[in-house]
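Structural description and commentary
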Amino acid sequence: MITINLNKVDVKVEEGSTILETCKFYSIPIPTLCYHEGLSPGGACRLCIVEVGTPENFKVASSCTYPVREGLVVRTHTKRIIEIRKMLIELLVALCPSSKTIQDLASEYAVTHVRFKPKNKDCVLCGLCVRMCAEQMDAKAIGFVGRGINREITTAFDVKSDVCRTCGACMYICPTCQMRCQGPEPSGVLCNSCLNISYPCVDVHNQVMCYMDPCGACLLKESEEKKKVVSSK
Ligand code: FES
């Protein structure tokens, strides 16, 4: 076992695990899209980013691919990290607004507007289907082709694959085709109809996530703000 500093607390961690696995073990919620326990990490969506290092000298890293080491300092819910995650979710929503998984993420992370033009694609290139096909189904029937905006997932030479057993595992694991958003037609690209918005109160707790629901400090802040409004009238 080694010791790392996770959100200002020293914790014991199994050597060889990743930051994401550590966070899961300590029940710290980290959003993920391209990660699945049964597959190798892909590091494609970047939603699982955290800050690694001291507040003066840190880097932003994807927690699903970052292995822990003795003395590592990790912050999972700083204001900066939450803002980046929200922007990434905005990009994902714009890319594939009909995905319930992505709409739920948007709702959970209080994404209230999307600054990017909707693309209405069926794929966010997370690569889960490719890894599922290769690692669990041992088929390697699909893979990435092309680069940049032409990158896509398809079979070799875009023809029906001889090794595909039409098992459906790729569709099962896909975050965009497995479940379509059933909410009312969103006026923009955001739905926000399935989940209640719950936003970690980083402002109140000095960049550290709060685990209370409802949070006493937030309620206090809210009532103080209300009092201020009433007295200013
Ligand atoms: S879950 Fe880590 S990069 Fe996608």
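Residues numbered from 1 in each chain as written. Predicted model: local features only at pLDDT ≥ 70, side-chain atom pairs only at ≥ 80, totals over all residues. Heavy atoms only, no water.

1. Regarding helix α4 (residues 128-136)
Those residues of α4 lying buried are Leu128, Cys129, Val130, Arg131, Met132 and Cys133. On its buried face, α4 sits against β6 (142-145), β7 (152-155) and α5 (169-173). (Buried < 20%, exposed > 50% of the residue type's maximum accessible area, 1.4 Å probe, protein only. Helix = DSSP H or I, 4+ residues; strand = E, 2+ residues; numbered from the N terminus. Contact = heavy atoms within 4.5 Å.)

2. Focus on the state of the cysteines
The full count for this structure, using the stated rule, is 0 disulfides. Among the cysteines around Cys23, which has no disulfide bond, Cys48 carries the closest sulfur, lying 9.4 Å off. Residue classification places Cys23 among the buried positions, given a relative accessible area of 1%. Free of any disulfide, Cys170 has its nearest cysteine sulfur in Cys167, 6.1 Å distant. (Disulfide = S-S within 2.5 Å.)

3. A short note on helix α2 (residues 79-95)
Taking 1.5 Å as the rise per residue, α2 with 17 residues should run 24 Å; its terminal C-alpha atoms sit 24 Å apart, in good agreement. Buried within α2 are the following residues: Ile81, Ile82, Arg85, Lys86, Leu88, Ile89, Glu90, Leu92, Val93 and Ala94. Where α2 is buried, its residues contact β3 (49-53), β4 (58-62) and α3 (100-108). (Expected span 1.5 Å × (residues − 1).)

4. Structural notes on the environment of Ile28
Looking at where Ile28 falls in the secondary structure, it is placed in the loop between α1 (19-25) and β3. Using a relative accessible area of 9% as the deciding quantity, one classes Ile28 as buried. Spatially, the C-alpha atom of Ile28 lies 9.5 Å from that of His77, the residues being 49 residues apart in sequence.

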